[in-house]
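The chain contents come next:
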Amino acid sequence: MGGYLQAYTLYSSVRPFGITGIVAGWDSELELPVDGQVGSGPKIGSGGKVEGLFMIEPSGQYWGYYGAATGKGRQTAKAELEKLDLAAGKLSLQDGVKEAARIIYVAHADNKDKEFELEMTWISSLDGPTKGRHEEVPKDILEEAEKLAKKHLDDDDDEEETKEDDKMEE
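As the structure is a computational prediction, the values presented were derived from the model and not from experiment.

Peer 1: Can you tell me about the overall build of the protein chain, naming the residues and giving the values?
Peer 2: Helices and strands together make up the secondary structure of the protein chain, namely 4 helices and 5 strands. In sequence order, the secondary structure elements of the protein chain are arranged as α-β-β-β-α-α-β-β-α. The long-range share in the protein chain, meaning contacts at least 24 apart out of those at least 6 apart in sequence, stands at 50%.

Right, dumping it as structure tokens:
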């Protein structure tokens, strides 16, 4: 995909893409045969499994990440993602949903005048809740994550007010 986007920067007859994309890839442990497949091919890399999270710039440059953000609140979201230590790989799927909701609410807090609706999807291993399929996060789990995210924002607001009151008293 990076090569495709980069090719559009080379010729004056085509217009470059003006987007930054975040693309995730995950291959199930279950190897399903493909019609007409001959041989197994490489296990990973070009022509094989591609797993991970990549951010692709309009120029065609791309980088791999454990967590990525783009758009208006990206700096705030990146700072929150760095606190999670995603490289350790110890975040459960349910905790990941809660943290993602919290980060989205924190990053969106600067735009309080704009309402938004949180929608999330997830995928798990074969022994997880989605059985390797990409599905919407169940409503009860999503509602709990949103409730915790809103509570976190309220707690942060209370802490800031307390700090401001303390400074005024001094």
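Peer 1: Run through helix H2 (residues 74-83), naming residues and quoting values.
Peer 2: Of the residues making up H2, those classed as buried are Ala 77, Glu 80 and Leu 81. The buried residues of H2 occupy an angular sector of 105 degrees when projected down its axis, which confines them to one face. Summarising the geometry of H2, the exposed residues directed more than 90 degrees from the buried face are Gln 75, Glu 82 and Lys 83. Residues of H2 that are buried make contact with helix H3 (93-108). Just downstream of H2 lies Asp 85, where phi reads positive at about 55 degrees.

Peer 1: Describe the nonpolar core, listing the residues and the values that go with them.
Peer 2: One finds Val 97, Ala 101, Tyr 105, Leu 118, Met 120, Trp 122, Val 137, Ile 141, Leu 142, Ala 145 and Ala 149 forming the largest nonpolar core, which totals 11 residues. Looking at this core, the elements that each hand over two or more residues are H3 and helix H4 (139-169). Per-element tally for this core: the top contributor is H4, with 4 residues. Apart from the residues within four sequence positions on either side, Ile 141 is in contact with Val 97 and Trp 122. Listed in part, the 5 residues of the second largest apolar core include Ala 77, Leu 81, Ile 103 and Ala 107.

Peer 1: Break down the pattern of salt bridges for me, with residues and values.
Peer 2: With the rule as written, the count across this model stands at 6 salt bridges. One salt bridge in this structure joins Arg 102 and Glu 80, with 2.6 Å as the shortest N-O distance. One end of the pair, Arg 102, is in helix H3; the other, Glu 80, is in helix H2, and 22 residues separate them in sequence. Taken as a pair, Arg 102 and Glu 80 share a single burial class, namely buried. Residue Arg 102 is joined to Glu 99 by a salt bridge in which the shortest nitrogen-to-oxygen separation is 2.8 Å.

Peer 1: Give a description of the environment of Trp 63 that names residues and reports values.
Peer 2: In this structure, Trp 63 sits in strand S3 (residues 62-65). For the pair Trp 63 and Ile 22, spaced 41 residues apart in sequence, the C-alpha to C-alpha distance is 9.8 Å. Not counting chain neighbours up to four residues away, the residues in contact with Trp 63 comprise Leu 53, Phe 54, Met 55 and Glu 57.

Peer 1: I'd like to hear about the side chain of Arg 102, residue by residue, with values.
Peer 2: Classification of Arg 102 as buried rests on a relative accessible area of 14%. A polar atom in the side chain of Arg 102 sits 2.6 Å from the side chain of Glu 80. Those residues in contact with Arg 102 that sit more than four places away from it in its chain are Glu 80, Leu 84, Ala 149 and His 152.

Reading guide: rules and limits
Residues numbered from 1 in each chain as written. Predicted model: local features only at pLDDT ≥ 70, side-chain atom pairs only at ≥ 80, totals over all residues. Heavy atoms only, no water. Helix = DSSP H or I, 4+ residues; strand = E, 2+ residues; numbered from the N terminus. Contact = heavy atoms within 4.5 Å. Buried < 20%, exposed > 50% of the residue type's maximum accessible area, 1.4 Å probe, protein only. Arc of directions from axis to C-beta. Core = buried A, V, L, I, M, F, W, Y, C linked by side-chain atoms within 4.5 Å. Salt bridge = Lys/Arg side-chain N within 4 Å of Asp/Glu carboxyl O. Polar contact = N/O pair within 3.5 Å; in protein donor to acceptor, adjacent residues only side chain to side chain.

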